[in-house]
Amino acid sequence: MVKRTLPLSRVYRLLEPGPVVMLTTIVKGRPNIMTLSWHTMMDFEPPIVGCVISNRNYSFDGIKASRECVINLPTVELAEKVVGCGNSSGRKVDKFKVFALTPAPAARVKPPLIDECYANLECKVIDTRMVTKYNFFILEVLKAWIDPAKKLPRTIHHLGKGAFMVAGETIQLPSRMK
Ligand SMILES: Cc1cc2nc3c(=O)[nH]c(=O)nc-3n(C[C@H](O)[C@H](O)[C@H](O)COP(=O)(O)O)c2cc1C
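Below or above, wherever it landed, is the structure these notes cover. No experiment lies behind these values; they were computed from the predicted model shown.

1. Quick word on a nonpolar patch on the surface
- Taken together, the side chains of L6, L8, V11, L14 and L15 define a hydrophobic patch exposed on the protein surface, amounting to about 540 Å² of accessible area.
- Structurally, L8 can be placed in the segment before α1 (12-15).

Written out as structure tokens, the structure is:
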């Protein structure tokens, strides 16, 4: 394989592609949505998830103060709303209204689920030690919801600069996990 140097500024475009999610928080008493793709699984059960939430985002104030959020998983049908929520701020607009998304009550936390998303993970912040340095929040999933009708959800995966990969083919290989 003949390779060339990849500028360090583009490294994230190789590693980023987990599903893009929509994070809901309560900020100053009102629900807000932000788009997020920098997240990582950290443990199986209870599920622990790490997320980078920039301190420039309005959502940062909400999660820092309330220590709660919901990770909502959209499919490709919602792609334009996903990008819209990632290019506007709850400081200026009510994103549930502007993007015609439906808030639904969560069972264990105050921020709402986004009803149109096929899965929703209700989370509490369990560790803030890396927030000051990296804006990295560690979350525990307290309750998870899934639409059983969505057998092969076509999630979207950010490749940077407005490009997204849409999940498609699934293959099954041997696994040690039951
Ligand atoms: C595809 C996509 C992925 C994004 N991923 C992240 C992310 O992982 N972390 C982050 O802090 N901001 C991310 N953003 C930017 C925020 O969604 C954006 O700054 C948003 O306006 C924040 O909204 P808020 O001010 O209402 O919280 C992403 C935006 C897009 C479009």
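From this point, the narrative continues.
2. Section: unusual backbone geometry
- Residue P46 is reached from E45 by a cis peptide bond, and omega for that bond is 0 degrees.
- Note that P46 resides in the loop between β3 (39-43) and β4 (48-52).
- In this structure, K28 is a non-glycine residue whose phi angle is positive, near 50 degrees.
- Examined against the element boundaries, K28 turns out to sit in the loop between β1 (21-27) and β2 (30-36).

3. Observations concerning the side chain of E68
- Inspection of the secondary structure assignment puts E68 in strand β5 (residues 68-73).
- It turns out E68 is buried and unbridged, and the closest side chain with the opposite charge, K110, is 5.2 Å from it.
- Looking at E68, its side chain comes within polar contact range of the main-chain nitrogen of K110, at 2.9 Å.
- Sequence-distant contacts of E68, that is, excluding residues within four places in its chain, are made with T25, I63, R108, V109, K110, P111, C123 and V125.

4. Remarks on the nonpolar core
- Formed by 21 residues in total, the largest nonpolar core has its most connected members in I53, I71, F137 and L139.
- Elements with a contribution of two residues or more to this core: β1, β2, β4, α2 (58-66), β5, β8 (119-127) and β9 (136-146).
- A total of 4 residues in this core trace back to one element, the largest contributor, which is β8.
- Not counting residues up to four positions away in its chain, the partners in contact with I53 are L23, M34, L36, F60, I63, N135 and F137.
- Ranked by size, the runner-up nonpolar core spans 12 residues in total, among them I33, V82, F99 and L101.

Reading guide: rules and limits
Residues numbered from 1 in each chain as written. Predicted model: local features only at pLDDT ≥ 70, side-chain atom pairs only at ≥ 80, totals over all residues. Heavy atoms only, no water. Patch = residues over 30% accessible without salt bridge, like charges linked within 9 Å, V, L, I, M, F, W, Y side chains within 5 Å. Areas by Shrake-Rupley, 256 points an atom, 1.4 Å probe, with all protein chains shown as cover. Salt bridge = Lys/Arg side-chain N within 4 Å of Asp/Glu carboxyl O. Helix = DSSP H or I, 4+ residues; strand = E, 2+ residues; numbered from the N terminus. Buried < 20%, exposed > 50% of the residue type's maximum accessible area, 1.4 Å probe, protein only. Lys, Arg positive; Asp, Glu negative; His and termini not counted. Polar contact = N/O pair within 3.5 Å; in protein donor to acceptor, adjacent residues only side chain to side chain. Contact = heavy atoms within 4.5 Å. Core = buried A, V, L, I, M, F, W, Y, C linked by side-chain atoms within 4.5 Å.

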